[in-house]
Amino acid sequence: MSANRPAAVVVLAAGEGTRMKSATPKVLHDICGRSLLGHVVAASRSLFPENLVVVVGHAREQVSAHLAEVDSKVRTAVQYEQNGTGHAVRMGLEELSGSGVALDGTVVVTCGDTPLLTGETLQALADTHASDGNAVTVLTAEVPDSTGYGRIVRDPESGAVTAIVEHKDATPEQLAVSEINSGVFAFDAQLLTDALGKVRTDNSQGEEYLTDVLGILRSAGHRVGASVTGDHREILGINNRVQLAEARRLLNGRLLEAAMLAGVTVVDPASTWLDATVSYEPDATVLPGTQLTGSTHLASGCEVGPNSRLTDTVVGEGATVSNTVALGAEVGPGANVGPFTYLRPGTKLGGKTKAGSFVEIKNAEIGEGTKVPHLSYVGDASIGEQSNIGAASVFVNYDGVNKHRTTIGSHCRTGADNMFVAPVTVGDGAYTAAGSVITKDVPPGSLAVARGQQRNIAGWVARKRPGSAAAQAAESAGGSADSQAPEAG
């Protein structure tokens, strides 16, 4: 933890964000597993501030409810009317003072729509603010194209910031400046509180601008400095869906780079997507076309993909998961999943299990070494160790009102095209015949046969489909309408 721990971080998240053209508040749009605001809160929390307050306004009930889920210790302040950034910060400080908080130290102000801003950059801002003894320090960036941004004007001798000039008000010389204002600041708490009381609204918008505080403090003889971020993309704000997609791409690239540097093989970063909340161990491999979201964890030596989407799923050491969708599942060490498998919430695959092609598993525990190779649905079930579930099996778990469980023991062999009508138990070492509908418990070591007897009706094709290709083939093979061969019973 840095010695320069802020007294407070104030996050501005009251705006409507109309350019998103969405019923969802702008700051709640998702990017790599967190909302825009969630990323900012996480970066702010990494400074270990004494207080963290988010200023809400538009859709405040929805935003506040989200914050309670993201970080229960975050305070919220309400800006009932959006009267400018200075007014928003004032609402945040009044929320703290009204709760008996006496601010002494640094106040960092940031925006709720800058998901690429890192905690390291915010900490560098706070450190620069403290070491330079500034009244206010603005986070700036050198950008390739400064069109539309407020320009940073510095004193040529001291390097101190003398003004922030908006693009429309800049002189030709100022327009040539590539250093721009990010909208993120560090302030001396007491000086900020005093200056906010002096901000005027005699501007075209009739609003209280936070940037006016810089001029007020400088006019009072206080130093205004700057901290330059190393990557100008960190300060990008999100105002529309195009910018949202671009930020998602940039953040995904950052996350993938961190994973690869930590020892994960990502075969094709261009087609791989990773949430900020995903964790991994060295020597995991991610194949092309894979999305890892939520709290998914990859253990050492596992291989995921191609074309898989895992959400809140744990993949054990040495397991393989191919062409699979998994939600809230656990895949044990050495397990083999896929291709074309669907693991639904509550699925727990033991070590060295197999869930094969066109298999769906839900709320089921599969014991070590057990195989569900293909074309089956296993729902609400417990299966022991080293059993084999025949192809095209269905665990009939729903009676139209309630779900029921099926239990199959260890070392069982169930036939193809079985239906297990829950609740039902198949004991250890038992077998079931192909085509059976199992409605009663099967004792250990027994063979269960639950199907009708086969009948062969001789000559049926010749009588019912005369002249057809099937009849001709049957006749060539020795069958005829006059055949009196007995029926098999």
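Above this note sits the structure.
Only a predicted model underlies this, so the values are computations on that prediction, with no experimental measurement involved.

## What to know about the state of the cysteines
In protein structure, a disulfide is the covalent linkage between the sulfur atoms of two cysteines. Under the counting rule described, the total for this entry stands at 0 disulfides. Counting only cysteine sulfurs, Cys32 is the nearest neighbor of Cys111, a cysteine outside any disulfide, at a range of 20 Å. Looking at Cys302, it has no disulfide partner, and the nearest cysteine sulfur is the one in Cys32, 20 Å off. A residue is classified by how much of its surface remains accessible, and Cys302, at 1% relative accessible area, is buried.

## Some remarks on the pairing of strand 1 (residues 8-13)
For strand 1, the tally of buried residues reaches 6 of 6 residues, placing the bulk of the element in the interior. Pairing analysis gives 5 bridges linking strand 1 to strand 6 (residues 106-111), with the strands arranged parallel. When the bridges of strand 6 are listed, Val11 appears paired with Thr110. Alignment of strand 1 against strand 4 (residues 52-56), held across 5 bridges, turns out to be parallel.

## Remarks on the side chain of Asp71
Within the fold, Asp71 resides in the loop between helix 2 (60-70) and strand 5 (75-78). Asp71 sits in the buried class, given a relative accessible area of 13%. A distance of 2.8 Å separates the side chain of Asp71 from the side chain of Arg45, its partner in a polar contact. Here Asp71 is in contact with Val41, Arg45 and Leu52, once residues within four sequence places are set aside.

## Description of the packing of aromatic side chains
Taken as a whole, this structure holds 3 aromatic pairs when the rule is applied. Consider the rings of Phe395 and Phe420, whose centres lie 5.0 Å apart with planes at 45°: the pair is tilted. Pair noted here: Phe395 is in strand 32 (residues 394-396) and Phe420 is in strand 35 (residues 419-421), with a separation of 25 residues, a long-range link. Across from the ring centre of Tyr398, 5.5 Å away, lies the NZ or CZ of Lys403, which sits over that ring.

## Structural notes on the nonpolar core
Among the nonpolar cores identified, the biggest contains 54 residues, and Leu343 and Val378 are the most heavily contacted of them. If you list the elements that add at least two residues to this core, you get helix 8 (241-261), strand 28 (360-366), strand 30 (377-383) and strand 36 (424-426). The biggest single contributor to this core is helix 8, with 7 residues. Each residue touching Leu343, except ones within four places of it in the same chain, is listed here: Thr324, Val325, Ala326, Leu327, Ala329, Val331, Val337, Leu349, Ala355 and Ile361. Ala77, Ala88, Ile152 and Val199 belong to the second largest nonpolar core, which has 35 residues in total.

## Notes on a nonpolar patch on the surface
The grouping of Phe340, Phe358 and Leu375 at the surface amounts to a nonpolar patch, some 340 Å² of accessible area in total. Take Leu375: it is sitting in the loop between strand 29 (371-374) and strand 30.

## As for the environment of Thr147
Along the polypeptide, Thr147 turns up in the loop between strand 7 (136-142) and strand 8 (151-154). For the pair Thr147 and Ser446, spaced 299 residues apart in the sequence, the C-alpha separation amounts to 80 Å. A distance of 2.7 Å separates a polar atom in the side chain of Thr147 from a polar atom in the side chain of Asp145.

## Some thoughts on the pattern of salt bridges
When charged atoms on two side chains of opposite charge get close, those side chains can pair. Under the counting rule described, the total for this entry stands at 9 salt bridges. Of the charged contacts, one joins Glu246 and Arg249 as a salt bridge, the two residues approaching to 2.8 Å between their closest N and O atoms. Of the two residues, Glu246 and Arg249 are both situated in helix 8; the distance of 3 residues between them amounts to about one turn of the helix. In this structure, Asp380 engages Lys362 in a salt bridge whose closest nitrogen and oxygen atoms are separated by 2.5 Å. Taken as a pair, Asp380 in strand 30 and Lys362 in strand 28 lie far apart in primary sequence, 18 residues in all. Exposure class is identical for Asp380 and Lys362. Each is buried. What you see here is one network of salt bridges that share partners, running through Arg90, Glu94 and Glu208.

## Focus on the environment of Ser322
For Ser322, the position within the fold is in the loop between strand 21 (320-321) and strand 22 (324-327). Filtering out sequence-adjacent residues up to four positions away, Ser322 remains in contact with Gly305, Pro306, Ser308, Val337, Gly338, Pro339 and Phe340.

Analysis parameters
Residues numbered from 1 in each chain as written. Predicted model: local features only at pLDDT ≥ 70, side-chain atom pairs only at ≥ 80, totals over all residues. Heavy atoms only, no water. Disulfide = S-S within 2.5 Å. Buried < 20%, exposed > 50% of the residue type's maximum accessible area, 1.4 Å probe, protein only. Helix = DSSP H or I, 4+ residues; strand = E, 2+ residues; numbered from the N terminus. Pairing = 2+ DSSP bridges. Polar contact = N/O pair within 3.5 Å; in protein donor to acceptor, adjacent residues only side chain to side chain. Contact = heavy atoms within 4.5 Å. Phe/Tyr/Trp six-rings, centres within 6.5 Å; stacked < 30°, edge-to-face > 60°. Lys NZ or Arg CZ within 6 Å of the ring centre and 35° of its normal. Core = buried A, V, L, I, M, F, W, Y, C linked by side-chain atoms within 4.5 Å. Patch = residues over 30% accessible without salt bridge, like charges linked within 9 Å, V, L, I, M, F, W, Y side chains within 5 Å. Areas by Shrake-Rupley, 256 points an atom, 1.4 Å probe, with all protein chains shown as cover. Salt bridge = Lys/Arg side-chain N within 4 Å of Asp/Glu carboxyl O.

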